[in-house]
Amino acid sequence: MTDWLPGPEWERGQTAYVAIADAVAADVARGRLLPGDRLPTHRMLARRLGVTIGTVTRAYAEAGRRGLVRGEVGRGTYVLGLRADDSDIALAVPASPPAEVDLSRNLALPASTPPELLRAIAEAWRGVEPSALLDYQAKAGNRQDREAGVHWLPPGLRGDPDRVVLTAGAQHAIVSALATVTTPGDVVVAESMSYPGLRTAADHVGVRLVGLPMDGEGLVPDALAAACGRLRPRALYCTPTLQNPTGAVLSAPRRSEIAAVAARHGVVVIEDDTYGFLAPDAPPPLTADLGPLGVYVTTLSKSVLAGLRIGYLVTEPQLATRIASTVMSTVWMAPPAMARLATRLIETGTATAVADWKRAEGRRRLALAHATLPTLAPPGAESSLHCWLPLPPPWRGVAYTAASLARGVLVTSGEEFAVDWGQAVPQGVRLCIGTPADTVGLRSALQALRSVLDGPPAAVH
Ligand SMILES: Cc1ncc(COP(=O)(O)O)c(C=O)c1O
């Protein structure tokens, strides 16, 4: 039964993992799953359903909670023997998830923003002039909003507002850049583990992603050079500062080497600086001197508010105009009301105050994470809202994720970040330390993770 797929319950369900667990229950009830049947591996089912491996891990844990299946160390997840009348019980078990601390979503402190900052944000809204929103705006965003964007950029990129395109966040900037500079079938290279939104963007645009080796500092320039010779990629996507998921920061010499390789081979570099606000001492952007081959992306979603769907993309004016046309073909223009609010937040200093507070909080939380989990890979900056926990053998990321979930802590296994499915990735998990509301919740979650690590390794297939 390793090819089991959920039936119609899966389509109807609201929350993916509950719907999969419901489908297991329904198939046990109707005899489609029999005692002793082995369910597909987490990775296989995730791939076939188009969900994350973490969702399948949660679904199997939920099915285990209802007494339907059991995960066996080193063997897999098996259907348990239920009596015919028990199956109703399994379906009727309330679907409410057990109390969990979620360290799996990379949220930048949503639940703990101080009231005075929330008041300042509300105040900035009051300054948004409705008459400025009566008409459509330029496809790259209006000049005042692009000028505000220039002030938000790192010093090496401040300059001509005609180089700036407003987008509806970083994801939209990445899709727009890829759609503009590639054609379907092109190869795009990236760090071997990367932000999962890159995969969905690449699928959408129809390009083939190939992962490149990384070391403790991030992308390896020689690997990029070799891939350029072998695969003739059209673009490189990378996150030089606080790489997602590893937290690595590329040094200045590495950045120069990568930029030089890209220039030599005519490869467009899409540099995602979403987390740059946490590392003001990081070296200047890799794309600062790459001319029309450089596309820099940042966003206010992590530094200020996730719902503030405004990103800033920076490149040479000619390419900026082409990317703005892609923005127009998708959303006409970045949401103007959001753009006005973003500008107000930048002009009034509120955006800086929020980002400064997040940086300080990220520093505090990272210190706590290090103190509790000494084997954490040190991020390349003093402050971060995500970090990487390498696992000692024989631990595997998926097994550790399942064992942590059993202790009520959600984390994300390295496999979720693999740029090509099936590619081997280092065994480890990403911890998003900015998600719990306070450090009390964070501390107990980190302690639970520590005790999982100190216990005997489990294996899940
Ligand atoms: C590296 C990276 N880039 C982009 C994004 C998405 O940013 P936005 O919400 O602005 O689309 C994320 C979100 O987690 C991210 O981790």
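No experiment lies behind these values; they were computed from the predicted model shown. Throughout this document, residue positions are counted from 1 along each chain, in the order its sequence is written. Local features are withheld for residues below a pLDDT of 70 in this predicted model, meaning they are given only at 70 or higher, and side-chain atom pairs are given and counted only at 80 or more; totals for whole chains, interfaces and linings count all residues. Only heavy atoms go into the side-chain values, all of them from the structure, while hydrogens and water stay out.

Quick notes on the overall build of the chain
Defined as follows: Secondary structure is summarised from DSSP: a helix means a run of H or I of at least four residues, a strand means a run of E of at least two, and numbering begins at the N terminus for each. For the radius of gyration, the atoms used are the C-alpha atoms, and the globule rule reads 2.2 Å times the number of residues raised to 0.38. Note on classification: 1.4 Å probe, protein chains only; a residue is buried when its accessible area is under 20% of the maximum for its type, exposed when over 50%, partly exposed between these limits. Here, residues are in contact when the closest pair of their heavy atoms is within 4.5 Å. Under the convention used here, a 1.4 Å probe and the Shrake-Rupley method define accessible areas, while residue burial counts only the protein chains that appear.
Secondary structure assignment for the chain yields 16 helices and 16 strands. Taking 2.2 N^0.38 as the reference for a compact globule, 461 residues should give roughly 23 Å; the C-alpha atoms of the chain span a radius of gyration of 23 Å, in line with that estimate. With the principal axes as the frame, the chain shows a C-alpha extent of 70 × 55 × 45 Å. Split into buried and exposed, the 461 residues of the chain put 55% on the buried side. When contacts within the chain are restricted to residue pairs at least 6 apart in sequence, those whose partners lie at least 24 apart make up 74%. Carbon together with sulfur atoms contributes 55% to the accessible area of the chain, which is approximately 18700 Å² in total.

What to know about helix α8 (residues 170-181)
This is how it is decided: Here the expected span of a helix is defined as 1.5 Å times the quantity of residues minus one.
Helix length check: α8, at 12 residues, gives a terminal C-alpha distance of 16 Å against a target of 16 Å (1.5 Å per residue), a fit within 8%. Counting buried positions along α8 yields 10 of 12 residues, so the element is predominantly enclosed. Taken together, the buried positions of α8 are occupied by Ala170, His172, Ala173, Ile174, Val175, Ser176, Ala177, Leu178, Thr180 and Val181.

Describing the domain arrangement of the chain
Here is the rule: Each domain span listed reflects an automatic or database assignment of domains. Buried area is calculated as the accessible area (1.4 Å probe) missing from two parts once they are joined, with the contributions of both summed. In protein, a polar contact means a hydrogen-donor-capable atom and an acceptor-capable atom, both N or O and within 3.5 Å, with residues adjacent in sequence counting only if both atoms are side-chain atoms; elsewhere, any N or O pair within 3.5 Å suffices.
Taken domain by domain, the chain consists of domain 1 (8-97), domain 2 (131-348) and domain 3 (352-454). Placing the centre of domain 2 and that of domain 3 at their C-alpha centroids yields a distance of 25 Å. Each partner contributes residues to the interface: domain 2 has 27 residues there, and domain 3 has 26 residues. Taken together, both faces of the contact between domain 2 and domain 3 bury some 2100 Å²; the carbon and sulfur share is 59%. Together, Met193, Arg199 and Leu278 form the three largest contributors to the area buried by domain 2 at its contact with domain 3, with a combined 29%. Connecting domain 2 to domain 3 are 12 residue pairs in polar contact (both at pLDDT 80 or more).

A short note on unusual backbone geometry
Going from Asn244 to Pro245, the amide bond is cis rather than trans, its omega being 20°. Assignment of secondary structure puts Pro245 in the loop between β9 (235-238) and α11 (252-265). In the Ramachandran plot, Arg232 falls in the positive-phi region, its phi being about 45° despite a non-glycine side chain. Mapped onto the fold, Arg232 is located in the loop between α10 (221-231) and β9. With relative accessibility at 64%, the residue Arg232 sits in the exposed group. Although it is not a glycine, Trp332 sits at a positive phi angle of roughly 70°. Within the secondary structure, Trp332 is located in the loop between α12 (317-331) and α13 (336-347). Given a relative accessible area of 54%, Trp332 falls into the exposed group.

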